[in-house]
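The primary structure of each chain is shown beneath.
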Amino acid sequence: MDAMFDICYLTPDGNNVEPDDIPKTKENVWILGKKYSAVQDLDRIRRDITSILWFTYRKGFIPIGDEGLTSDKGWGCMLRCGQMVLGVSLIRIHLASDWVWTPETRDPTYLKIIQRFEERKQAPYSIHQVALMGASEGKEVGQWFGPNTVAQVLKKLVVYDKWSSLVIHVALDNTVVKEDILQQCIVRNDNGDTQDNVNISDWMPLLLIVPLRLGLSEINPVYVDGLKICFQSPQSIGVIGGKPNQALYLIGCVSDEVIYLDPHTTQRSGPVENKQTDEQKEMDCSYHCKYASRIPILAMDPSVAVCFLCRTRADFDELCKTIEENLMKESQPLFEICEKRPSHWGPNTNDIDLQNTTLFTEFEDVDRQFDDSDDEFEIL
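What counts, and where the lines are drawn
Residues numbered from 1 in each chain as written. Predicted model: local features only at pLDDT ≥ 70, side-chain atom pairs only at ≥ 80, totals over all residues. Heavy atoms only, no water. Pairing = 2+ DSSP bridges. Helix = DSSP H or I, 4+ residues; strand = E, 2+ residues; numbered from the N terminus. Axes fitted to C-alpha atoms, helices over the stretch in contact; angles between N-to-C directions. Salt bridge = Lys/Arg side-chain N within 4 Å of Asp/Glu carboxyl O. Buried < 20%, exposed > 50% of the residue type's maximum accessible area, 1.4 Å probe, protein only. Contact = heavy atoms within 4.5 Å. Phe/Tyr/Trp six-rings, centres within 6.5 Å; stacked < 30°, edge-to-face > 60°. Lys NZ or Arg CZ within 6 Å of the ring centre and 35° of its normal. Polar contact = N/O pair within 3.5 Å; in protein donor to acceptor, adjacent residues only side chain to side chain.

## Digging into the sheet that holds strand 4 (residues 69-71)
Here is step 1: Read across the open sheet, the 3 strands follow the order 4-3-11; overall the sheet is mixed. Looking at the sheet topology across the chains shown, the edges are occupied by strand 4 and strand 11 (266-268). Averaged over neighbouring strand pairs, the angle between their axes works out to 40° when direction is ignored.
Here is step 2: Note: strand 3 (residues 57-64) against strand 4, 2 bridges, orientation antiparallel. If you follow Ile64 over to strand 4, its bridge partner there is Leu69.

## Digging into the pattern of salt bridges
Here is step 1: As enumerated under the stated definition, the model contains 18 salt bridges in all.
Here is step 2: The residue Arg294 makes a salt bridge to Asp20 at a minimum N-O spacing of 2.7 Å. Placement of the pair is Arg294 in strand 12 (residues 293-296) and Asp20 in the loop between helix 1 (2-6) and strand 1 (28-31), with a sequence separation of 274 residues.
Here is step 3: Ionic pairing is found between Asp72 and Arg80, a salt bridge with its closest N-O pair at 2.8 Å. A single burial state applies to Asp72 and to Arg80, both of which are buried.
Here is step 4: Connected through shared salt-bridge partners, Asp20, Glu257 and Arg294 make up one network.

## Let's talk about the environment of Ser255
Here is step 1: Here Ser255 shows up in the loop between strand 9 (246-254) and strand 10 (257-261).
Here is step 2: It is 8.9 Å that separates the C-alpha atoms of Ser255 and Lys228, two residues lying 27 residues apart in sequence.
Here is step 3: With near-sequence residues (within four places) excluded, Ser255 lies in contact with Glu27, Asn28, Lys228 and Ile297.

## Quick look at the pairing of strand 7 (residues 206-213)
Here is step 1: Counting buried residues along strand 7, 7 of its 8 residues qualify, which places the element largely inside the surrounding structure.
Here is step 2: As paired elements, strand 5 (residues 167-170) and strand 7 share 4 bridges and run parallel to each other. Along strand 7, the bridge assignment pairs His169 with Leu208.
Here is step 3: As paired strands, strand 7 and strand 13 (residues 303-310) are joined by 8 bridges and run antiparallel to one another. Of the residues in strand 13, the one forming a bridge with Pro211 is Ala305.

## Let's talk about the pairing of strand 2 (residues 34-37)
Here is step 1: Note that strand 1 and strand 2 share 4 bridges and pair antiparallel. In the strand pairing of strand 2, Ile31 is matched with Lys34.
Here is step 2: With antiparallel pairing between neighbouring strands as the criterion, strand 1 and strand 2 make up a hairpin whose turn holds 2 residues, including Leu32 at a positive phi of roughly 50°.

## A few points about the packing of aromatic side chains
Here is step 1: Inspection of the entire model under this criterion finds 6 aromatic pairs.
Here is step 2: Ring-pair connections join several aromatic residues into one group, and the members of that group are Phe55, Phe117, Tyr125 and Tyr287.
Here is step 3: Taking the ring centre of Tyr287 as reference, the NZ or CZ of Arg58 above it sits at 4.5 Å.

## Some points on the side chain of Gln83
Here is step 1: Relative to the elements of secondary structure, Gln83 occurs in helix 3 (residues 77-94).
Here is step 2: At 2.9 Å, the side chain of Gln83 forms a polar contact with the side chain of Arg80.
Here is step 3: Excluding anything up to four places from it in sequence, Gln83 contacts Phe55, Phe117, Tyr125, Ser126 and Ile127.

Next up, the structure:
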């Protein structure tokens, strides 16, 4: 199995060379809110990066939309970045923040998560469901998404997937409103009253997405330190962003560079199922990238969405403290946090009308066997 996984990382002439994924530096490396030493922890960094679910272009899947598209090459990179953020969230919620993947992994919970993203119409977070739900945000199948669009689409999709046990909140106008988040995440009793004693079981895990514009055509350097603060937060699950014309999943930083996973690889579609056959094992390996890449922070496109996962109320309180005591102390904060909704915003519209959504195909039981037979990303 290891040989099967390694073969994808040879150079075109067959040489297995040392990649330039992590620089040799004394600076700390930050990956999804965890601190590493580039010198002492290189193997652990690569192990943890490989454990992140890597979603890329696929080909040969069931046709999507009126055009009958069977590949998302050239248009699905931002959708794939959104899938990666959601994949990290589900791994942390249902497995652990320090969970490690290997080519031999057959954990049933892990396989259940993978199946939710496979290229089939009934999988809750398939390219089909993400693309079709995009129509409710004004994006036809085959059109490029921006970070805000994919965030809004994911927010709608998780409502239908009770197993994932996740709330997505998309912050508006560079402002995180505590009141809105608490209304969504604190479980209420049958009478609709908030329970007096809030504990872990009363909190719905929160994926907080904050869409931002950090410059006109390029990143304003005044925001660099703020981005680093976000990457270093224990609740960080990266940034949906990229470089001009290319969406990337930015998973961390080192010095003045960001570390990313790139969805711009086209792989064939197929089921992982219970990972019994060699073909299914090979397909599972295709969801894991052995080495990350990096670019200067200032080479990023200024349209981004920073993402945080708060599995517990304590996580959320810690994140609020980080925002208030560190991020908002910057000369130009990336975003702000407040207790109540600004009066000019109007009522909260977080609730999604399930009855009036016609784009959605009811999910099948994703535990069943797989049997389906059937120009640049948006600048906000």
